[in-house]
Amino acid sequence: MYIAVKGGERAIEASRQLLAAARRGDVHVPALQAEQIEQQLGLLVGRVMAEASLYDPRLAALAIRQACGDAIEAAFLLRAYRTTLPRFAYSEPVDTDRMRVARRVSAIFKDLPGGQLLGPTFDYTQRLLELGALANGSLTADAAAGNAPPEHVPNALAQLAREGLVEPCLPSEGDPDPPDITRDPPVYPLPRTGWLQTLARADEGWVLGMGYSTQRGYAHTHPFAGDLRSGQVAVELVPDELDFPIEIGEIELTECQMVNQFVGSAEVAPVFTRGHGLVFGRGERKAIAMSLVDRALRAGEFGEDASSPAQHQEFALPQGDSVEASGFVQHLKLPHYVTFESELQMIRKLREDVHARAAKAAEGDLE
Amino acid sequence: MTTHIAEGYNFAYLDERTKKMIRRALLKAVAIPGHQVPFGSREMPLAYGWGTGGIQVTAAVIGRDDVLKVIDQGSDDTTNAVNIRQFFTRTTGVRTTTRTREATLIQTRHRIPETPLVAGQVLVYQVPQPEPLYKLEPRRAETTKLHGAGEYGLMNVKLYEDLAQWGRIDESYEYPVKVDDRYVMSPSPIPSFDNPKMHRMPALQLFGAGREKRLYAIPPYTDVQSLDFEDHPFRIEPHGHACERCGDTASFLDEVAGTDGQVHWTCSDTDWCADRVDQGHAHG
């Protein structure tokens, strides 16, 4: 009789070599450079940075290549690197009114200060595959026409907020010292600052599905996309040696300010309320969905009946972490011989009990 | 495999401040046996569900003089055990062993070694789900209150219903225990066969749940009782087979489907089995 008990180490080594070969593919095709990914797969780079909570397009591109293009695996690689980085300082809150917008649209006004700016979007592409480009290989792009981006685009909700029709944008409880969900274990219920962080790094598909659920009758939030923008935002911090902020760089962000009708409750007069979405990169789909979920999670604040999944923090938040979920779902492929053996024994005994009872009943019938 | 310590990383991967944070949480856990202590679980270069809690605990307590053993399903050679052992070899350079007796620190998934552990040894469990009540109450805000009040009625009713329906308790692994007569605790998914080994164990038992960001502990010589009823005491049922290598009938056995169409039985604890073979035991 032979039962394998050795060989794990050699099997792992062989598997690593196979992965390296699979990752490279046909060696006659030139290897991808991280720079090409950074430049030409920018939306994927943004998604990976968002789900990793680390803004570094070059490293994200490297992670994407190392992960064979798997967004969750790439976010995992980047997070495992992020955890080793020291914290030098905390930045000032970014001011998205001062975003150098590449795109800004509002669905609630035909025109507004700062204007409607389509920018680069898939929305009107008609989605025809570029079969011609497949044949001749290279993609070309004409220099984009248009004016230099405006430096200051006031938020579309600002005027309504001044009139008191939209709730003011007040700091949440706990500001300006929000918890750091990557350092502090979550204690539910999380403050809004905590759940917004959780959503910002949550799996895009999960947030999309949760947001979509609010549009299909599970906690309807009467949403209007008040202000949707993406572009470069300055990051500032106040060093210990100075008493004023200095700019240390720019990051690309996408923000959605959702306006939600609210007819009022015993506690709150009728007013338009807000849902907020903010993500790294050009993750517009996620920013919109995030603003829907944010508003749904504020049910308690507005005395709304919390009867749908998107309104329940302990459902909507922890399950949405792509790296945690991916690891735990896939851990099922790890050996479970011991627990399965225990279950086998249990099922055998339960079946014996059932059969014994059936046999006894049958005897009784005969008598 | 060539073993060189990974460059650019601190001893045992985590930085010293993180280790200190984890050790503080562990001290609290030891002071309140069986109580789940939240901790700032870090992202590790190992997938969640694959031992991130265990490796953070091991990383926080390991020293240069430690001798490390890593097992999964009782065996040192399962792939995930090999991977974790290699991780610590690369990040600490400490000596590793497969011998339970030689190890000062043992990280495990799903088993407690058959060789009785002794004072001075530390057993680190990988825990997928630290909350023993989660199938009955998924909201952690609620379970925290239940533990605080020592309110375990839900669990007692569940166990009672198993008995009423099946005549036995439907928990063959991850069978809940009560620690020091206070907290109901998940023993991690070890078979209930292993539960009695936890009771008054001379070694320190530490539990790490990375994804759920909780730690807990059982100090040496602490009472650990598997939940039961006076008229239905907890018991381990013999499986009725002998190991085909060492002939043991009392250790936990793996059931293996052979290429010959036969079912074979061998010790799940490979070190225990090898030890017995060395001592001249064999299948009769």
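Residues numbered from 1 in each chain as written. Chains lettered and ligands numbered in written order. Predicted model: local features only at pLDDT ≥ 70, side-chain atom pairs only at ≥ 80, totals over all residues.

**Q** Sorry if this is basic, but what is going on with the overall build of chain B here?
**A** Along the backbone of chain B there are seven helices and twelve strands. Radius of gyration (C-alpha) of chain B: 19 Å, near the 19 Å computed for a compact globule of 284 residues. Structurally, chain B occupies a C-alpha span of about 60 × 55 × 35 Å along its principal axes. Burial status across chain B gives 50% buried among its 284 residues. Considering only intrachain contacts with a sequence separation of at least 6, the fraction spanning at least 24 residues in chain B is 61%. (Helix = DSSP H or I, 4+ residues; strand = E, 2+ residues; numbered from the N terminus. Rg over C-alpha atoms; globule rule 2.2 N^0.38 Å. Buried ≥ 20, exposed ≤ 12 C-beta atoms within 10 Å, placed from the backbone. Contact = placed C-beta atoms within 7 Å.)

**Q** Is there a simple way to explain the pairing of strand E4 (residues 105–109) of chain B in this structure?
**A** Two faces belong to every sheet, and in a regular strand the side chains alternate between them. Residues and elements named next belong to chain B. Of all five residues in E4, five are buried, a share of seventy percent or more. Neither face of E4 is open: one carries Leu105, Gln107 and Arg109, the other Ile106 and Thr108, and all of them are buried. Here strand E2 (residues 67–72) runs beside E4; their pairing, made up of five bridges, is parallel. Bridge pairing links valine 70 to glutamine 107 in E4. Relative to strand E5 (residues 122–126), E4 runs parallel, the two sharing four bridges. Its bridge partner lying in E5, isoleucine 106 is registered against leucine 123. (Pairing = 2+ DSSP bridges.)

**Q** Would you mind showing me how to read the nonpolar core here?
**A** Burial of nonpolar side chains together is a common tendency in soluble globular proteins. Counting 113 residues, the largest nonpolar core has A:Val48, A:Ala60, A:Leu78, A:Val293 and B:Leu26 as its most contacted members. Residue contributions to this core peak at eight residues, all from helix H10 (residues 284–297) of chain A. If sequence neighbours within four positions are ignored, A:Val48 has contacts with A:Ala60, A:Ala63, A:Ile64, A:Ala71, A:Ala74, A:Ala75 and A:Leu78. (Core = buried A, V, L, I, M, F, W, Y, C linked by C-beta atoms within 7 Å.)

**Q** Teacher, can you tell me more about the domain arrangement of chain B here?
**A** Many descriptions give the size of an interface as the accessible area lost when the pieces come together. Along its sequence, chain B is carved into domain 1 (16–135 + 161–226) and domain 2 (237–284). Across the side of domain 1 of chain B that touches domain 2 of chain B, the residue classes break down as three nonpolar, six polar and five charged. (Domains from an automatic or database assignment. Nonpolar A, V, L, I, M, F, W, Y, C, P; charged D, E, K, R; others polar.)

**Q** Looking at this structure, how should I read the interface of chain B and chain A?
**A** At the interface, 51 residues of chain B touch 39 residues of chain A. Residue assignment for the side of chain B that touches chain A shows that the elements contributing at least two residues are helix H3 (79–92), helix H4 (140–148), strand E11 (253–257) and strand E12 (263–267) of chain B. Residue contributions to the side of chain B that touches chain A peak at four residues, all from H3(B). Among the residues making up the side of chain B that touches chain A, the classes are represented as 17 nonpolar, 20 polar and 14 charged.

**Q** Even after reading the chapter, I still don't get the pairing of strand E3 (residues 246–260) of chain A, so can you show me in this structure?
**A** Residue and element names in this part refer to chain A. Sheet topology note: the strand E2 (residues 223–237)/E3 ladder contains 14 bridges and is antiparallel. By the bridge assignment, arginine 229 is partnered in E3 with glutamate 255. In terms of strand pairing, E3 meets strand E4 (residues 273–280) through eight bridges, oriented antiparallel. Along E4, the bridge assignment pairs leucine 253 with phenylalanine 280.

**Q** In this structure, what is going on with helix H1 (residues 8–24) of chain A? I would like to understand it.
**A** Given 3.6 residues per turn, any residue in an α-helix points the same way as the ones three and four places further on. Residues and elements named next belong to chain A. Helix length check: H1, at 17 residues, gives a terminal C-alpha distance of 25 Å against a target of 24 Å (1.5 Å per residue), a fit within 8%. Here H1 lies mainly on the outside; one of its 17 residues are buried. Positive phi appears at glycine 25, one or two residues downstream of H1, with a value of about 70 degrees. (Expected span 1.5 Å × (residues − 1).)

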